[in-house]
Amino acid sequence: MARMPSAERRRQLVEAAIRAMARDGVARTTTRSICAEAGVSLSVFHYCFDSKQALLEAAIETITCNYVARVKSAVEPGATLHETVRGALQTYWDHVTAHPGEHMLTYDLTQYALREPGFEHLARAQYDQYVVSAAALIEQVRGERGLEPRVPVEVLARYLAAAIDGLTLQYLVLGDGAAAAENLDLTVDQLVSLFEG
């Protein structure tokens, strides 16, 4: 096995964990199966992570950061605030429809963390990260458009995180793309109204 910096090994293991958990579910994914997916020995896992909990934390952070980076890169000033917000959320939504398994994994991670003793804080950290991510998006839109929302950014961020979470879960359950698009449009309308009054 080629020598690799520990940060690169950690990234390799996190990516393998995300693939394995998306395929097999969180509860059925073991450290051994993650190592097999990554093509490394169990000793490499223990060198890079103190526990499965630490790996799950890294997986949640990686998934969330990837979503945020994708959406933030799509925030471009449109002709209107509506176009700016719609474009950013559409980038997220395109990922939901293209990679539903990865999004199902986020709900599986939440349920696993809530049910597994000692892991409960991971679910809270996951949802806290969603709000932080929504706030970053709102701040970026605010900066691009030079507008102040009518409610505090933290309140608006909690609303946006909850709305997108609900829309995503509903789509994963029902698979109704037309209804999801209508609901996404309604969410955009509400966000714009909270900016423009």
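Everything numeric here is computed off the predicted structure, so don't read it as measured data. (Residues numbered from 1 in each chain as written. Predicted model: local features only at pLDDT ≥ 70, side-chain atom pairs only at ≥ 80, totals over all residues. Heavy atoms only, no water.)

Draft legend 1. Layout of the overall build of the chain. Across its full length, the chain carries nine helices and zero strands. Overall size of the chain, expressed as C-alpha extent along the three principal axes, is 55 × 35 × 30 Å. Scored against the burial criterion, the 197 residues of the chain give a buried share of 44%. For the chain, restricting intrachain contacts to residue pairs at least 6 apart in sequence, the fraction spanning at least 24 positions comes to 67%. A total accessible area of about 10100 Å² is found for the chain, and carbon and sulfur atoms account for 54% of it. (Helix = DSSP H or I, 4+ residues; strand = E, 2+ residues; numbered from the N terminus. Buried < 20%, exposed > 50% of the residue type's maximum accessible area, 1.4 Å probe, protein only. Contact = heavy atoms within 4.5 Å. Areas by Shrake-Rupley, 256 points an atom, 1.4 Å probe, with all protein chains shown as cover.)

Draft legend 2. Main features of the pattern of salt bridges. Applying the stated criterion across every chain, the model contains ten salt bridges. Residue D24 is joined to R23 by a salt bridge in which the shortest nitrogen-to-oxygen separation is 3.2 Å. (Salt bridge = Lys/Arg side-chain N within 4 Å of Asp/Glu carboxyl O.)

Draft legend 3. A look at helix α9 (residues 177–196). For α9, with 20 residues, the first-to-last C-alpha span of 28 Å sits near the 28 Å given by 1.5 Å per residue. For α9, the complete set of buried residues consists of A180, L184, T187, V188, L191, V192, L194 and F195. Take α9 and look down its axis: the buried residues cluster within an arc of 155°, on one side only. Exposed side chains of α9 directed beyond 90 degrees from the buried face belong to A178, E182 and E196. As for α9, its buried residues are in contact with α5 (81–98), α7 (120–145) and α8 (153–174). (Expected span 1.5 Å × (residues − 1). Arc of directions from axis to C-beta.)

Draft legend 4. Quick look at the environment of V44. Tracing the backbone through its elements, the reader meets V44 in helix α3 (residues 42–48). Sequence-wise, V44 and R9 are 35 residues apart; in three dimensions their C-alpha atoms are separated by 7.9 Å.

Draft legend 5. Layout of the packing of helix α1 (residues 6–24) against helix α2 (residues 31–38). It is at 8 Å that the axes of α1 and α2 come closest, and there the two elements cross at 115°. In this view, α1 runs roughly perpendicular relative to α2, as classed from their interaxial angle. Of the two elements, α1 crosses α2, and the hand of that crossing is right-handed. Taking contact as the criterion, the partners of Q12, L13, A16, A17, R19 and R23 in α1 are, on α2, I34, C35, E37 and A38. Looking at side-chain class alone, the contact of α1 with α2 contains six nonpolar, one polar and three charged residues. (Axes fitted to C-alpha atoms, helices over the stretch in contact; angles between N-to-C directions. Parallel < 35°, antiparallel > 145°, perpendicular 65-115°, else oblique. Left-handed = near helix turned anticlockwise from the far one by under 90°. Nonpolar A, V, L, I, M, F, W, Y, C, P; charged D, E, K, R; others polar.)

Draft legend 6. Summary view of the confidence of the model for the chain. Chain-level statistics for the chain give a pLDDT mean of 89 and a share of 96% at 70 or above. When mean pLDDT is taken per element in the chain, α8 scores highest with 96 and helix α4 (residues 52–74) scores lowest with 82. (pLDDT = per-residue confidence, 0-100.)

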